[in-house]
Amino acid sequence: MAIQLTHLTKHFGDTPVLDDITATINEGEFYVLVGPSGSGKSTILRIIAGLIPATSGDIYFDDKKVTDAAPKDRHLAMVFQNYALLPFMSVAENIRFGLHNLHLSTADEDARVADALQMVHLSDLADRKPKELSGGQQQRVAVARAIATQANLVLMDEPLSNLDAQLRTEMREELVELHKALKMTLIYVTHDQTEAMTMGERIMVLNDHRIQQVGTPLELYNHPQNAFVATFIGSPKMNMFTVTVDAAAKTITLPMVDEDGRPALIPLPAGIPSGTYQLGVRPEKVRLSLASASEYDVPVTVVNVASLGRASNVAVKNSDVEFIADIAEQFPEDAAKAFVTFPTAAADLHFFAPDTGLAVTSAAEKAGVTDGIA
Ligand SMILES: Nc1ncnc2c1ncn2[C@@H]1O[C@H](COP(=O)(O)OP(=O)(O)OP(=O)(O)O)[C@@H](O)[C@H]1O
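Residues numbered from 1 in each chain as written. Predicted model: local features only at pLDDT ≥ 70, side-chain atom pairs only at ≥ 80, totals over all residues. Heavy atoms only, no water.

Caption draft 1: Fine view of the sheet that holds strand E2 (residues 15-25). The four strands lie next to each other as E2-E1-E4-E5, forming an open sheet whose pairing is antiparallel. Edge positions in the sheet fall to E2 and strand E5 (64-65), since each of these pairs with one other strand and no more. Of the pairings in the sheet, the one linking strand E4 (residues 56-61) to E5 comprises two bridges and is antiparallel in character. Paired with Tyr 60 across the bridge in E5 is Lys 65. (Pairing = 2+ DSSP bridges. Helix = DSSP H or I, 4+ residues; strand = E, 2+ residues; numbered from the N terminus.)

Caption draft 2: Main features of helix H1 (residues 41-49). Most of H1 is tucked away, with seven of its nine residues classed as buried. Among the residues of H1, Lys 41, Thr 43, Ile 44, Leu 45, Ile 47, Ile 48 and Ala 49 are the ones counted as buried. One or two steps after H1, the chain reaches Gly 50, where phi turns positive at roughly 85 degrees. (Buried < 20%, exposed > 50% of the residue type's maximum accessible area, 1.4 Å probe, protein only.)

Caption draft 3: Highlighting the pairing of strand E10 (residues 210-215). Here five bridges tie strand E9 (residues 202-207) to E10, and the two strands are oriented antiparallel to one another. Along E10, the bridge assignment pairs Ile 203 with Gly 215. In textbook terms, the turn of a hairpin is the stretch between consecutive antiparallel strands, and for E9 and E10 this stretch comprises two residues, one of which, Asp 208, has a positive phi near 60 degrees.

Caption draft 4: Region of the structure containing the pattern of salt bridges. The final tally for this structure, using the stated rule, is 13 salt bridges. The residue Asp 73 makes a salt bridge to Lys 72 at a minimum N-O spacing of 3.3 Å. With a relative accessible area of 62%, Lys 72 lands in the exposed category. As a salt-bridge pair, Arg 262 and Asp 258 come within 3.6 Å of each other at their nearest N and O atoms. (Salt bridge = Lys/Arg side-chain N within 4 Å of Asp/Glu carboxyl O.)

Here it is, written out as structure tokens:
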């Protein structure tokens, strides 16, 4: 089932929560809503489920308008953060309970419960009560209850947030596998960008009541449309610098100084007009060396070395500007000084207008890349 949201708005009293949300979620898609706390993700999910009305705008399931349909007529399943399992019922009874409205024969119910338990690897625990299960197992029961309904649309609201880090990683993989097997339309809410990036086929990034960008994980990562998406997606975060561009001299002036104390310059890709910008550079595109190799290298002091074993996140500083170099090797933990080489490829230099935060695309990017830029 495909889902369409057209110009959805929501106010709670005078407080705006959603502003003009228009989106299409394709049939069978694993679609993630991600954004900081309070950005309206759960509200969108609750409006799709029919649990709360939108202030204005419409919702369509395939071509059918369901804006005013009762929740029970929407034939969808939901998985919540708190699992919402009934404590006095066994695992199997909890799953069966979710089928109540479908008026199936007992034999059909039995088969659905058994299938769902098998899919989430809980067949052996069918007779346990929820409190006799680990957090991860309880989570699986909640997922089993949703998939047993065979709904074409499943909504999940932060379903993994109560699990520890390792279990969360495992359950992410399980949910992705489950979705591949069942191919239902799945709308998944999380505030965790890593979760969004690892699970979503497409991701809607929300902030400030509005859609910031919709795209595949790599579209968002490689072509963020604004400074919010640029810094929200990716870990460690994209470095941001206030820079001035001189298009005639083909230079970018960084808010740093070179070894002689003069403003530090790096080369400018074609197609960026003169002016002031926010320049975004991903930490893994910042190269770090102990000796200067090029006239464009910028001297830095090393503030902190976080050694991850096979890689290092190195915090460095020049003129009160601190930023991160994420390098794919070990870095000497006692190094006090180093040199940074900034990338020169247009694709690695992300310019944003200082007032609107909107991406300013270089000539090279305009020529080579159309995908992902709506
Ligand atoms: N019933 C309500 N009455 C008033 N304000 C509400 C109500 N429900 C939600 N809000 C407000 O709407 C905004 C969006 O809430 P929502 O739960 O959709 O955000 P979210 O992005 O899911 O955040 P979180 O990740 O914290 O769950 C918040 O500022 C919240 O305080």
